[in-house]
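Residues per chain, in single letters:
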Amino acid sequence: MSRKQLAEVLQLLQGNQTKTVFEGRVLILKILEGCLSDTKRIAESLTSSGENSECHTVLQWCHHHVVSNREYFIPSTHTSGDETPTLGNTRNTRSPQEELLSFAFTRWFLLKMIWLQSKPECAGLHDKCQKISVELLQVIKWGDLFSFSQLLTELIYTIAELVKINENLYNGDVGSTLQRFSVDEETVKRSLKDPVKDEGETETDIITIPSLDIFTVEECESLQMNLTKVLLSLCDDLDLVGNPLCDVVWGAMCCHLEFYDIEMKIESLRVIEKLLLAGLPQIHIHDYFIACLSALVELLCEGCKEAESRERQELEERTAQVLLSVCLADKKPLAPSHLSDFQHQNILQKMCRHIQQHGFHNLVTVAMAMSLSDLLSHCLEALTVAGPSEGETKHIKDQVFSVLLQEVGKNTRSQYLVRPLVILLMSDIKQAYSGLTDTSVTMAVDKTDTAPSQFKRKRKADEQPTQQKAKPPHRYLRLKSKIKKLISSLKDPNQDKHAEILEGIHTALKVISVGVMTSFEASYNHKKILPEDASSVLLWLQHDLVESVLDTWKLTLQYSHHWNPDELNVNTLSIVRSIVAVLDTQEWTDHEDTMCWMLSLPWLLNDPSWMDLKPVESKTVSKISQEISDKLDNEVRCECLRGLSLLPKEVSPQWRVHVYRQACTDSDTEVKIAAVQCLPMLLVHLGPNANHLVHDLLLPMVNTTDSVTQEALVSIAGILACVICRKAVLRKERNKFGLVEHSRKIQCLSCDNLLDKHENASSKERPKLVDPNMFSPFLNLIGRHNTQVKLKLINCSLERIFGHIGVRSNNSSTIQMLKTCMSLIQDPDFGVREQFSKIIGSMVGEGNSDSNQLIVRTLKETLESARVQQNIRLQQTVILTIAQIGRVAEDELLLVVIISLLENMLSKVQLIAAIAYQQLKSVAKYKKTKTQNLFLNSRQQICKFLVTAMLDSQKSNAGRSADEILRDVADVLDFRDCKSFLKAAGKCMIPQLVSTASSEASSLIKMIATILDLPSRMKLLLENIKYVFAYLVCFCQRSEMERAIIFLQNETDLELAQLLRMNFQVVHQELLLYLSTHYNQVFNGLRHLSTYDHNYTGPRDIKTSEQMADYLQPRLLGVIAFFDFQLLNASTPLSDKKLTMESLTAIIKLMGKKHIGTIRHKVIGTLRIGLQFTDREFIEIICQAWNCFVKSLELPFLGQMMSQIIATLLPLLEHLPKQVAEIINFIIVDKRYQVYTEKLFVLGSLFTLYKFSKCYFVS
């Protein structure tokens, strides 16, 4: 670029204050034409200036315009007015001519970027050109999907054509010019001129259209590479172009894998990985794709020696990811295509051929070996179903098994062989045991291979002479043979591959044990294969085999002085892991003592006495320990600790505890952490007598300042509580492939809700609670202000600890622990507070206990403090915590939660209001109910909160108005509108408003009347006078009641007597509903009502219950009928029905024998209604009512109704036998037997049942 052109460009850039789209396009064109048209000058600029070249500056400027000035490239949508146009009219608002011109300029600009990417000499600009191309296409996608799909189609066809051109160039043919992204020169010129202005000929009339000339291999591959990278960013949009074009992409990418260099292969694998997210390619592409993948795997297994190590590693990682993606895509149940059985077989054969020829040792990444193993495993699992080609399938499986077995003992890392070998072994086991019964099967084993001690625990099975013998599976025998062969080769004095052979033994042992355990354990995707008699792992890992392996390990360790430290640690680690694999089966041999000293090698020199560890050849053991103890690294020592924790109780317990003491005080943190993590497993095996180790070993470590050790301590504290309370059991774990892994997981019968009937039965005798002083030091780590420690404690331990300590008000330690934990709700870290909120439910006690009051008080104080400080995030987590409490809370605590959430829902802060709304809904959803039902069960208290909130709103005239509050509460409580809510809540709200006797209450009553479509406040008050009077009598003080009555009279212009006499009977009924809970208040209220009753002729000043009964006698049938309605009404909440039944009992007591006998049949009818309910608490209430009724009847009436009453009560025997027996005994036994003897024959078998009840319940 000349100085003159450079000056012009700088002037244009500095004067970049364009006013129109056309001026902006002209500016882009001038700069691109001036700076990026001559490849020779571009190359010189890049060579001399690098990233400081003006070419980079120009592209950066272009990228800025693509992002910020999209109207240069896509036509803007014009709409009239501010209204939003409909979807169908959006495109029509654009002028067709404007669209044509805009996309002409866009295609020219995109063509310019692609032309630059085709020039190898412009390689320094390629990344920026790719970024601009992708950004531009994304801009077009959001503006016009049709144009975007057109350009994406052209991009795909360009890549496909480049594949053909490349092939021609390699064959010696001449290149060609791509006719893609073509654009008309005249149309581009018109896109630069404003049609409104009449412009003559300008310098923009001279414009060049780039030509995509591909005449060299370098140009072709440069453009291929860059367009593939662009396509990679657009893979998510390929569904816009349909399956045919996707097939073109698949074909091109497969060609790249087959013919191109490693860099192109890597980029193509990235694209294929994205394509596989949508599923496998179409069926006609499967074979070519499999062939390309197979060739790529072969290349990697050969070693790919021409590539650099970095390229090899990246190629393996990308290939590994594609192989895994193939497995996942083939497993998708609703995918458009799947691999056929023939293709599964083809993959197995091809991969086995590569492994047989080259093995795994040339692979540089573990990921590649693992993914190749996963592909083999997937194909083997897909072929497990028997079919017409079963014979061919078995042959292929045998071939795969032979090839993989050949690899065992050849690599120092062969764990990736375990899964496919286990699948093959299980397939063989299934075939061997199919058709044999579950109770009469044993495995036929060679007599020379079986020691008598092996079957001591199976003597009963051995004595059965008619057992069927299952022939040992062929692949199992080959595995055994392989182990023996590896043992023999290890004894060779010239052997130099000890690490590979030891790893091979470990792999073979693991395959057998995992295969047997998985075959016996049924799961969702694995059926139980092995019968009970053949389920023991040690039946398959036979006594002489285990003994031979142990002898070999011992001889190998004696040879260890010939190894360098690295070899020593690798070999010892293989031995230790093999021992752990055997111990993890939790089936004991006679060789645990030998395993123990091998696992103790790192510590044997520290204490020459060895305590209760008594190895057979102590001198040999001592010599081995002297040679290798100091050379073993931390990885070996940590694995040894794990193995020592798995040994049974009787194997050197003192020595193992001694080792753990040393490990817990070790100077190396890694060993110390391993000891902490393994200690729960050690305690499981040593039993409750070892619980002191928590005090001796762990609690002194709590004072450490090392955060990693602190994390380890708090992570195991919870499971320690489960172990110490003797609720812990060991469970086999399955990995993500459904195989039973070696590691046993400690689970809790209580905390993990295990359903094992046998274990649950045995666990009933175990104590639930543990000493809180043992675990309170762990909670003191909360005060160390380490976020990660707190999160570990919350996520791993707190729920379990509080599940076993039992927070009790009479135990200061548990209360102090609760206080310590509640400080987490004020933690400065949001993540800590959020996680703590999820487990707060485990700390909630029963009822209104001191612990619950402490929790509620802390939350209220924290919430109030957060409001004052305007700390929104803290308020958010407190609300989340309150909601979590609501999930487990009942009765009063649940009411506190609901009201607190409602209060926060009315917050001025929209975020807090929204969270509270959502959390209240979630509480109801968790309880499998609706918020409306939560309201109905606590209607009185919730309405009181609502009335208070509305009154405060009226007084302050700030924040939400009263009608807004009412609307929001109605909405969250699942009411259709305010009117329907007030119909349900009015009976509670109106009395509470009247009790306040204020002008604000008068306004709210008027608002409620308007919402309910009532003509006036007076009408509303008259309709609710029965509720108002009952509320004032029961819930208000005398002075408050007097003010409310005056207010009521002023609002209605009627005297109280007039108001009450309008619904005199109904007022009595509503008042009597509260007789059980507010006896004295109701009595006084009834006495007051009697003064207004002109029909009552008794004493005006009623003082005794007999006088009150006489007053109520004329109204009693109406009251009972009203109670029937309450009990039968489906909309009446259960809490109100309980109140009704309790008040019925109180009425029966009040009326006494004098009046109850006359309405006995009516009362029995009401009591029978109560028998329809199944709620436990309600059944107890109804039983009390029956008891009261029976004792309130005179003897003649009781004799007449005896059989009827007993027959009615018999269904209650199942639920409350003691209480029902008490009623029946009163009727028949208590000195009244002679009165009803002639009636007993009516009972028949019922009386027999009664005598059974009497014998069972009466002392």
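All figures in this text were calculated on a predicted structure; none of them were measured in a lab.

1. A closer look at helix α37 (residues 850–869)
Over its 20 residues, α37 runs 28 Å from end to end, which matches the ideal 28 Å to within 8%, given 1.5 Å per residue. Considered for burial, the residues of α37 that qualify are Ser851, Asn852, Leu854, Ile855, Val856, Thr858, Leu859, Thr862, Leu863 and Ala866. Taken together, the buried residues of α37 touch α35 (812–822), α38 (872–888) and α39 (891–905). At the exit of α37 stands Gln870, carrying a positive phi of roughly 55°.

2. Structural notes on the confidence of the model for the protein chain
On average, residues of the protein chain score 82 in pLDDT, and 86% of them are at 70 or above. Confidence scores differ between elements of the protein chain, with helix α32 (residues 757–763) showing the lowest mean pLDDT of 38 and helix α12 (residues 262–275) the highest of 94. Counting interchain partners and residues more than four positions distant, the pLDDT-below-50 stretch residues 437–442 has 19 contacts. Contacts for the low-pLDDT stretch residues 756–767, under 50 throughout, to residues beyond four places or in other chains number 15 contacts.

3. Looking at the side chain of Gln919
Relative to the helices and strands, Gln919 is located in helix α40 (residues 910–926). In this structure Gln919 comes out as buried when scored by relative accessible area, which is 9%. Those residues in contact with Gln919 that lie beyond four places of it in its chain are Ile879, Leu880, Ala883 and Leu901.

4. Here's the deal with the environment of Asn871
One can find Asn871 in the loop between α37 and α38. Accessibility expressed as a relative area gives 28% for Asn871, which makes it partly exposed. A polar contact is formed between the side chain of Asn871 and the backbone nitrogen of Arg873, at a distance of 3.4 Å. At 3.1 Å, the side chain of Asn871 and the backbone nitrogen of Leu874 are in polar contact.

5. With respect to empty space enclosed by the protein
On inspection of all chains with the given rule, the structure shows 5 cavities of 30 Å³ or more. Its volume calculated, the largest cavity comes out at about 70 Å³. At the level of secondary structure, the elements contributing two or more residues to the lining of the largest cavity comprise α13 (283–302), α14 (309–331) and α15 (341–358). Here the lining of the largest cavity is built from residues that sort into 10 nonpolar, 1 polar and no charged.

6. Side note on the layout of surface pockets
Taken as a whole, the largest pocket holds about 1,200 Å³ of empty space. Around the largest pocket sit 37 residues that line it, and Asn937, Ser938, Gln941, Ser1135 and Asp1136 are the ones nearest its centre. At the level of elements, α39, α41 (931–937), α42 (939–956), α44 (978–996), α47 (1025–1035) and α54 (1134–1156) are the ones that each hand at least two residues to the lining of the largest pocket. A per-class count over the lining of the largest pocket returns 14 nonpolar, 11 polar and 12 charged.

7. Things to note about the side chain of Ser813
Looking at the element boundaries, Ser813 is found in helix α35. With a relative accessible area of 18%, Ser813 lands in the buried category. Excluding its chain neighbours within four sequence positions, the residues that come into contact with Ser813 are Pro772 and Asn773.

8. Some details on the packing of helix α23 (residues 543–558) against helix α26 (residues 618–628)
At a closest axis distance of 9 Å, the pairing of α23 and α26 adopts a crossing angle of 50°. With respect to each other, α23 and α26 are oriented oblique. As α23 packs across α26, the resulting crossing turns out to be left-handed. Between α23, through Lys554, Leu557 and Gln558, and α26, the contact on the second element is made entirely by Thr620, Ile624, Glu627 and Ile628. Counted by class, the contact of α23 with α26 contains 3 nonpolar, 2 polar and 2 charged residues.

The rules behind these values
Residues numbered from 1 in each chain as written. Predicted model: local features only at pLDDT ≥ 70, side-chain atom pairs only at ≥ 80, totals over all residues. Heavy atoms only, no water. Helix = DSSP H or I, 4+ residues; strand = E, 2+ residues; numbered from the N terminus. Expected span 1.5 Å × (residues − 1). Buried < 20%, exposed > 50% of the residue type's maximum accessible area, 1.4 Å probe, protein only. Contact = heavy atoms within 4.5 Å. pLDDT = per-residue confidence, 0-100. Polar contact = N/O pair within 3.5 Å; in protein donor to acceptor, adjacent residues only side chain to side chain. 1 Å grid on protein atoms, 1.4 Å probe; cavity = no way out; pocket = protein on both sides within 12 Å on 5 of 7 lines; lining within 4 Å. Points joined across faces, edges and corners; volume = space filled by probe spheres on them. Nonpolar A, V, L, I, M, F, W, Y, C, P; charged D, E, K, R; others polar. Axes fitted to C-alpha atoms, helices over the stretch in contact; angles between N-to-C directions. Parallel < 35°, antiparallel > 145°, perpendicular 65-115°, else oblique. Left-handed = near helix turned anticlockwise from the far one by under 90°.

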